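# Inside the fold
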Amino acid sequence: MATVSIPACTSALLLDIEGTTTPITFVKDILFPYIREHLEEYLSNHWEEDECKQDVHLLKKQFEEDMRQHRSCPVHTVDQTVHTDEEKAIREVVDNVLWQMAADRKSTALKQIQGHMWRAAYASGRIKGEVYQDVTPSIRRWRSQGLKVFIYSSGSVEAQKLLFGYSVEGDVLDLLDGHFDTSIGAKVDGKSYERIAERIGCPTEEITFLTDIPREAKAAEEAGVNVVVVVRPGNMELTDDERSHYSQVTSFSQLEVTGRV
(Lines give C-alpha, C1' and ligand atoms only; values in the text may rest on other atoms or scores of the structure.)
Protein backbone atom coordinates (compact mmCIF):
# COMPACT_ATOMS: atom_id res chain seq x y z
CA MET A 1 0.00 0.00 0.00
CA ALA A 2 1.08 3.60 -0.69
CA THR A 3 1.97 6.27 1.84
CA VAL A 4 -1.04 7.77 3.65
CA SER A 5 -0.93 11.44 4.65
CA ILE A 6 -2.68 12.61 7.79
CA PRO A 7 -3.73 16.25 8.26
CA ALA A 8 -1.13 18.87 9.20
CA CYS A 9 -3.41 19.97 12.05
CA THR A 10 -2.94 16.57 13.77
CA SER A 11 -1.45 16.99 17.25
CA ALA A 12 -2.24 13.53 18.67
CA LEU A 13 -2.37 9.96 17.44
CA LEU A 14 -4.76 7.57 19.18
CA LEU A 15 -3.93 3.88 18.76
CA ASP A 16 -6.03 0.77 19.21
CA ILE A 17 -4.07 -2.30 20.39
CA GLU A 18 -5.51 -5.64 19.23
CA GLY A 19 -5.11 -5.91 15.45
CA THR A 20 -3.40 -2.50 15.30
CA THR A 21 -0.22 -2.36 17.43
CA THR A 22 -0.40 -6.03 18.37
CA PRO A 23 -1.30 -9.24 16.51
CA ILE A 24 -4.92 -10.21 17.06
CA THR A 25 -3.67 -13.70 17.98
CA PHE A 26 -1.76 -12.43 21.05
CA VAL A 27 -4.89 -12.20 23.22
CA LYS A 28 -6.55 -15.32 21.82
CA ASP A 29 -3.49 -17.58 21.63
CA ILE A 30 -1.28 -16.29 24.48
CA LEU A 31 -3.14 -14.28 27.14
CA PHE A 32 -6.40 -16.22 27.42
CA PRO A 33 -4.82 -19.70 27.32
CA TYR A 34 -2.41 -18.59 30.06
CA ILE A 35 -5.39 -17.92 32.36
CA ARG A 36 -7.02 -21.26 31.56
CA GLU A 37 -3.82 -23.22 32.10
CA HIS A 38 -2.54 -21.49 35.27
CA LEU A 39 -5.67 -20.32 37.12
CA GLU A 40 -5.88 -23.17 39.65
CA GLU A 41 -2.14 -22.97 40.38
CA TYR A 42 -2.34 -19.17 40.81
CA LEU A 43 -5.27 -19.40 43.23
CA SER A 44 -3.58 -22.13 45.29
CA ASN A 45 -0.38 -20.06 45.58
CA HIS A 46 -2.09 -16.76 46.45
CA TRP A 47 -5.30 -17.89 48.21
CA GLU A 48 -4.44 -16.30 51.59
CA GLU A 49 -3.22 -12.98 50.15
CA ASP A 50 -5.44 -9.88 50.43
CA GLU A 51 -5.44 -9.12 46.71
CA CYS A 52 -6.55 -12.66 45.83
CA LYS A 53 -9.22 -12.55 48.56
CA GLN A 54 -10.57 -9.33 47.03
CA ASP A 55 -10.61 -10.92 43.56
CA VAL A 56 -12.53 -13.93 44.86
CA HIS A 57 -14.95 -11.68 46.78
CA LEU A 58 -15.70 -9.72 43.59
CA LEU A 59 -16.29 -12.94 41.64
CA LYS A 60 -18.70 -14.18 44.35
CA LYS A 61 -20.61 -10.88 44.23
CA GLN A 62 -20.83 -11.22 40.43
CA PHE A 63 -22.10 -14.79 40.81
CA GLU A 64 -24.78 -13.67 43.31
CA GLU A 65 -25.86 -10.87 40.95
CA ASP A 66 -26.09 -13.36 38.08
CA MET A 67 -28.31 -15.60 40.21
CA ARG A 68 -30.57 -12.66 41.12
CA GLN A 69 -30.85 -11.73 37.44
CA HIS A 70 -31.55 -15.39 36.53
CA ARG A 71 -28.56 -15.48 34.22
CA SER A 72 -27.13 -18.89 33.42
CA CYS A 73 -24.24 -19.82 35.70
CA PRO A 74 -21.65 -22.61 35.89
CA VAL A 75 -22.95 -25.89 37.32
CA HIS A 76 -20.71 -27.36 40.01
CA THR A 77 -20.37 -31.11 39.75
CA VAL A 78 -19.11 -33.39 42.51
CA ASP A 79 -15.36 -33.90 42.14
CA GLN A 80 -13.98 -36.86 44.09
CA THR A 81 -10.41 -35.44 43.91
CA VAL A 82 -11.39 -32.42 46.05
CA HIS A 83 -10.78 -33.16 49.73
CA THR A 84 -10.68 -29.83 51.62
CA ASP A 85 -12.92 -26.76 51.85
CA GLU A 86 -10.15 -24.67 50.31
CA GLU A 87 -9.79 -27.03 47.34
CA LYS A 88 -13.58 -26.98 46.88
CA ALA A 89 -13.68 -23.18 47.02
CA ILE A 90 -10.79 -22.88 44.54
CA ARG A 91 -12.47 -25.32 42.15
CA GLU A 92 -15.67 -23.25 42.27
CA VAL A 93 -13.74 -20.06 41.43
CA VAL A 94 -11.98 -21.86 38.56
CA ASP A 95 -15.34 -23.10 37.21
CA ASN A 96 -16.78 -19.58 37.40
CA VAL A 97 -13.84 -17.88 35.67
CA LEU A 98 -13.65 -20.49 32.89
CA TRP A 99 -17.41 -20.25 32.37
CA GLN A 100 -17.24 -16.43 32.08
CA MET A 101 -14.36 -16.69 29.60
CA ALA A 102 -16.19 -19.28 27.49
CA ALA A 103 -19.21 -16.94 27.43
CA ASP A 104 -16.90 -14.04 26.40
CA ARG A 105 -18.10 -11.96 29.33
CA LYS A 106 -16.44 -8.63 30.17
CA SER A 107 -17.32 -8.39 33.87
CA THR A 108 -15.16 -6.24 36.14
CA ALA A 109 -14.61 -9.26 38.40
CA LEU A 110 -13.23 -11.34 35.52
CA LYS A 111 -11.06 -8.51 34.17
CA GLN A 112 -9.61 -7.90 37.63
CA ILE A 113 -8.39 -11.43 38.33
CA GLN A 114 -7.12 -11.79 34.76
CA GLY A 115 -5.20 -8.52 35.12
CA HIS A 116 -3.55 -9.67 38.34
CA MET A 117 -2.56 -13.00 36.81
CA TRP A 118 -1.11 -11.33 33.71
CA ARG A 119 0.80 -8.84 35.88
CA ALA A 120 2.51 -11.72 37.69
CA ALA A 121 3.20 -13.50 34.38
CA TYR A 122 4.71 -10.40 32.74
CA ALA A 123 6.83 -9.59 35.81
CA SER A 124 8.22 -13.15 35.93
CA GLY A 125 9.00 -13.15 32.18
CA ARG A 126 6.51 -15.92 31.39
CA ILE A 127 4.71 -13.54 29.00
CA LYS A 128 6.07 -10.70 26.86
CA GLY A 129 3.79 -8.17 25.15
CA GLU A 130 3.80 -8.53 21.38
CA VAL A 131 4.00 -5.44 19.15
CA TYR A 132 4.49 -5.33 15.40
CA GLN A 133 8.04 -4.41 14.33
CA ASP A 134 6.92 -1.15 12.70
CA VAL A 135 5.21 0.17 15.84
CA THR A 136 7.97 1.53 18.11
CA PRO A 137 10.14 3.08 15.32
CA SER A 138 7.03 4.85 13.97
CA ILE A 139 5.98 6.14 17.40
CA ARG A 140 9.52 7.49 17.91
CA ARG A 141 9.32 9.23 14.54
CA TRP A 142 5.92 10.77 15.31
CA ARG A 143 7.13 12.02 18.69
CA SER A 144 10.21 13.56 17.07
CA GLN A 145 7.76 15.47 14.84
CA GLY A 146 6.07 16.90 17.94
CA LEU A 147 3.05 14.57 18.02
CA LYS A 148 1.60 13.02 21.16
CA VAL A 149 0.66 9.33 21.15
CA PHE A 150 -2.15 7.76 23.20
CA ILE A 151 -3.64 4.27 23.50
CA TYR A 152 -7.39 3.53 23.47
CA SER A 153 -8.28 -0.12 24.00
CA SER A 154 -11.10 -2.21 25.45
CA GLY A 155 -8.44 -3.85 27.65
CA SER A 156 -7.97 -2.11 31.00
CA VAL A 157 -5.37 0.64 31.38
CA GLU A 158 -3.45 -1.71 33.70
CA ALA A 159 -3.40 -4.44 31.02
CA GLN A 160 -2.26 -1.89 28.40
CA LYS A 161 0.63 -0.75 30.60
CA LEU A 162 1.71 -4.34 31.21
CA LEU A 163 1.78 -5.09 27.48
CA PHE A 164 3.95 -2.05 26.66
CA GLY A 165 5.94 -2.17 29.91
CA TYR A 166 7.00 -5.79 29.37
CA SER A 167 7.04 -5.88 25.58
CA VAL A 168 9.29 -7.88 23.26
CA GLU A 169 11.03 -4.52 22.69
CA GLY A 170 11.49 -3.93 26.43
CA ASP A 171 9.74 -1.18 28.41
CA VAL A 172 8.36 1.30 25.85
CA LEU A 173 5.86 3.06 28.13
CA ASP A 174 7.86 6.29 27.93
CA LEU A 175 6.85 6.52 24.24
CA LEU A 176 3.18 6.89 25.22
CA ASP A 177 1.53 10.04 26.54
CA GLY A 178 -1.50 8.36 28.07
CA HIS A 179 -3.97 5.48 28.10
CA PHE A 180 -7.75 5.19 27.77
CA ASP A 181 -10.02 2.19 28.23
CA THR A 182 -13.79 1.70 28.12
CA SER A 183 -14.21 3.50 31.45
CA ILE A 184 -14.26 6.64 29.25
CA GLY A 185 -16.95 5.05 27.05
CA ALA A 186 -17.48 2.35 24.42
CA LYS A 187 -15.24 2.46 21.37
CA VAL A 188 -18.28 2.37 19.07
CA ASP A 189 -19.77 5.50 20.70
CA GLY A 190 -18.76 8.85 19.19
CA LYS A 191 -19.09 10.57 22.58
CA SER A 192 -16.10 8.54 23.84
CA TYR A 193 -13.82 10.27 21.32
CA GLU A 194 -15.15 13.69 22.35
CA ARG A 195 -14.33 12.85 25.98
CA ILE A 196 -10.84 11.70 25.00
CA ALA A 197 -10.25 14.95 23.06
CA GLU A 198 -11.37 16.92 26.11
CA ARG A 199 -9.04 14.89 28.36
CA ILE A 200 -6.10 15.33 25.95
CA GLY A 201 -6.90 19.03 25.62
CA CYS A 202 -7.36 19.42 21.87
CA PRO A 203 -10.24 19.51 19.35
CA THR A 204 -11.32 16.14 17.88
CA GLU A 205 -10.14 17.40 14.47
CA GLU A 206 -6.53 17.32 15.76
CA ILE A 207 -6.71 13.58 16.58
CA THR A 208 -5.99 10.75 14.15
CA PHE A 209 -7.28 7.35 15.30
CA LEU A 210 -5.76 4.09 14.07
CA THR A 211 -7.96 0.99 14.38
CA ASP A 212 -8.75 -2.24 12.55
CA ILE A 213 -12.48 -2.14 13.39
CA PRO A 214 -14.77 -0.22 10.96
CA ARG A 215 -17.48 0.31 13.62
CA GLU A 216 -14.92 2.10 15.82
CA ALA A 217 -13.68 4.07 12.81
CA LYS A 218 -17.25 5.18 12.05
CA ALA A 219 -17.86 6.34 15.65
CA ALA A 220 -14.60 8.28 15.73
CA GLU A 221 -15.33 9.87 12.35
CA GLU A 222 -18.77 10.97 13.55
CA ALA A 223 -17.04 12.79 16.42
CA GLY A 224 -14.83 14.67 13.96
CA VAL A 225 -11.71 12.51 14.44
CA ASN A 226 -9.54 11.68 11.42
CA VAL A 227 -9.39 7.89 10.92
CA VAL A 228 -6.99 5.40 9.34
CA VAL A 229 -7.92 1.71 9.22
CA VAL A 230 -5.05 -0.70 9.89
CA VAL A 231 -4.99 -3.89 7.82
CA ARG A 232 -2.98 -6.64 9.54
CA PRO A 233 -2.85 -10.44 9.11
CA GLY A 234 -5.89 -12.10 10.71
CA ASN A 235 -7.92 -8.87 10.98
CA MET A 236 -11.53 -8.75 9.89
CA GLU A 237 -11.93 -8.37 6.11
CA LEU A 238 -13.17 -4.93 5.04
CA THR A 239 -16.19 -4.62 2.77
CA ASP A 240 -15.83 -2.90 -0.63
CA ASP A 241 -17.60 0.18 0.75
CA GLU A 242 -15.26 0.33 3.77
CA ARG A 243 -12.21 -0.06 1.53
CA SER A 244 -13.30 2.83 -0.68
CA HIS A 245 -14.29 5.05 2.28
CA TYR A 246 -11.34 4.72 4.70
CA SER A 247 -7.64 5.37 4.24
CA GLN A 248 -5.77 2.13 5.01
CA VAL A 249 -2.24 1.12 5.98
CA THR A 250 -0.64 -2.28 6.51
CA SER A 251 2.23 -0.72 8.49
CA PHE A 252 2.60 2.39 10.65
CA SER A 253 5.65 3.30 8.54
CA GLN A 254 3.26 4.28 5.71
CA LEU A 255 1.81 7.17 7.73
CA GLU A 256 3.12 10.66 7.06
CA VAL A 257 1.99 13.90 8.65
CA THR A 258 1.52 16.61 6.03
CA GLY A 259 3.77 19.61 6.56
CA ARG A 260 6.00 17.96 9.18
CA VAL A 261 9.54 16.76 8.73
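Calculation criteria
- Residues numbered from 1 in each chain as written.
- Predicted model: local features only at pLDDT ≥ 70, side-chain atom pairs only at ≥ 80, totals over all residues.
- Heavy atoms only, no water.
- Pairing = 2+ DSSP bridges.
- Helix = DSSP H or I, 4+ residues; strand = E, 2+ residues; numbered from the N terminus.
- Axes fitted to C-alpha atoms, helices over the stretch in contact; angles between N-to-C directions.
- Buried < 20%, exposed > 50% of the residue type's maximum accessible area, 1.4 Å probe, protein only.
- Arc of directions from axis to C-beta.
- Contact = heavy atoms within 4.5 Å.
- Phe/Tyr/Trp six-rings, centres within 6.5 Å; stacked < 30°, edge-to-face > 60°.
- Salt bridge = Lys/Arg side-chain N within 4 Å of Asp/Glu carboxyl O.
- Right-handed = clockwise from strand over helix to strand, strands pointing away.
- Core = buried A, V, L, I, M, F, W, Y, C linked by side-chain atoms within 4.5 Å.
- Polar contact = N/O pair within 3.5 Å; in protein donor to acceptor, adjacent residues only side chain to side chain.
- Parallel < 35°, antiparallel > 145°, perpendicular 65-115°, else oblique.
- Left-handed = near helix turned anticlockwise from the far one by under 90°.
- Nonpolar A, V, L, I, M, F, W, Y, C, P; charged D, E, K, R; others polar.

### As for the sheet that holds strand 3 (residues 148–152)
With respect to topology, six strands assemble into an open sheet ordered 4-3-2-5-6-7, the strand pairing being parallel. Each edge of the sheet is formed by a strand with only one pairing partner; in this case those strands are strand 4 (178–180) and strand 7 (247–249). The mean inter-strand angle of the sheet, taken between neighbouring strand axes irrespective of direction, is 25°. Where strand 2 (residues 12–15) lies against strand 5 (residues 207–211), four bridges are found, and the strand directions are parallel. Following the sheet pairing, Leu-13 is matched in strand 5 by Thr-208.

### Focus: helix 5 (residues 135–144)
Residues Val-135, Thr-136, Ser-138, Ile-139 and Trp-142 constitute the buried set of helix 5. Down the axis of helix 5, the buried side of the element spans an arc of 160°, and every buried residue falls inside it. Along its buried surface, helix 5 packs onto strand 2, strand 3, strand 5 and strand 8 (255–257). Note on helix 5: the residue one or two positions beyond its end, Gly-146, has a positive phi of about 90°.

### Observations regarding the packing of aromatic side chains
Counted according to the given criterion, the structure contains seven aromatic pairs. Ring centres 6.4 Å apart and planes at 45° place the aromatic pair Tyr-152 and Phe-209 in the tilted group. With a gap of 57 residues between them, Tyr-152 in strand 3 and Phe-209 in strand 5 connect regions that are remote in the sequence. The residues Tyr-152 and Phe-209 share a single accessibility class, namely buried. Measuring from centroid to centroid gives 5.2 Å for Tyr-193 and Phe-209, while their planes differ by 55°, and the two rings are tilted.

### Here we look at the pattern of salt bridges
Should the charged atoms of two oppositely charged side chains come close, the side chains can pair. Scanning the model with the defined rule gives 16 salt bridges in all. One salt bridge connects Glu-40 with Arg-91, and the closest N-O pair in it is separated by 3.0 Å. On the criterion of sequence distance, the pair formed by Glu-40 in helix 1 (residues 25–46) and Arg-91 in helix 3 (residues 85–102) is long-range, its members being 51 residues apart. Since its relative accessible area comes to 35%, Glu-40 is described here as partly exposed. Taking the shortest distance from any N to any O, the salt bridge between Lys-187 and Glu-216 comes out at 3.3 Å. One end of the pair, Lys-187, is in the loop between strand 4 and helix 7 (190–200); the other, Glu-216, is in helix 8 (residues 214–222), with 29 residues separating them in the sequence. Side by side, Lys-187 and Glu-216 carry an identical accessibility label, which is buried.

### Thoughts on the pairing of strand 5
Every other side chain in a regular strand lies on the same face of the sheet, so the side chains alternate between the two faces. Of all five residues in strand 5, five are buried; the element is thus mostly enclosed. Judged by which residues are buried, strand 5 turns out to be covered on both faces: Ile-207, Phe-209 and Thr-211 on one side and Thr-208 and Leu-210 on the other are all buried. Where strand 5 and strand 6 (residues 226–230) come together, four bridges link them in parallel fashion. Of the residues in strand 6, the one forming a bridge with Phe-209 is Val-227. In this fold, strand 5 hands off to helix 8, which returns the chain to strand 6; that crossover is right-handed.

### Section: the nonpolar core
Ranked by internal contacts, the top residues of the largest apolar core, which has 51 residues, are Leu-15, Leu-43, Val-97, Trp-142 and Leu-210. It is helix 1 that contributes the most residues to this core, eight residues altogether. Leave out the neighbours within four places in its chain, and Leu-15 touches Thr-21, Ile-139, Trp-142, Val-149, Phe-150, Ile-151, Tyr-152, Phe-209, Leu-210 and Phe-252. Residues Tyr-152, Ala-217, Ala-219 and Tyr-246 belong to the second largest nonpolar core, which totals 22 residues.

### Considering the environment of Asp-171
Relative to the helices and strands, Asp-171 resides in the loop between helix 6 (157–165) and strand 4. Within the local environment of Asp-171, its side chain forms a polar contact with the backbone nitrogen of Leu-173, the two atoms lying 3.0 Å apart.

### Here's the deal with the packing of helix 4 (residues 108–124) against helix 6
Viewed as axis vectors pointing N to C, helix 4 and helix 6 meet at an angle of 15°, and their least axial separation amounts to 10 Å. Put simply, helix 4 runs roughly parallel to helix 6. Seen along the crossing, helix 4 lies across helix 6 with a hand that is left-handed. Counted together, Gly-115, His-116, Trp-118, Arg-119 and Tyr-122 of helix 4 and Glu-158, Leu-162 and Leu-163 of helix 6 form the full contact between these two elements. Looking at side-chain class alone, the contact of helix 4 with helix 6 contains four nonpolar, two polar and two charged residues.

It is worth stressing that arrangement in space is one thing and function is another; only the former is reported here.
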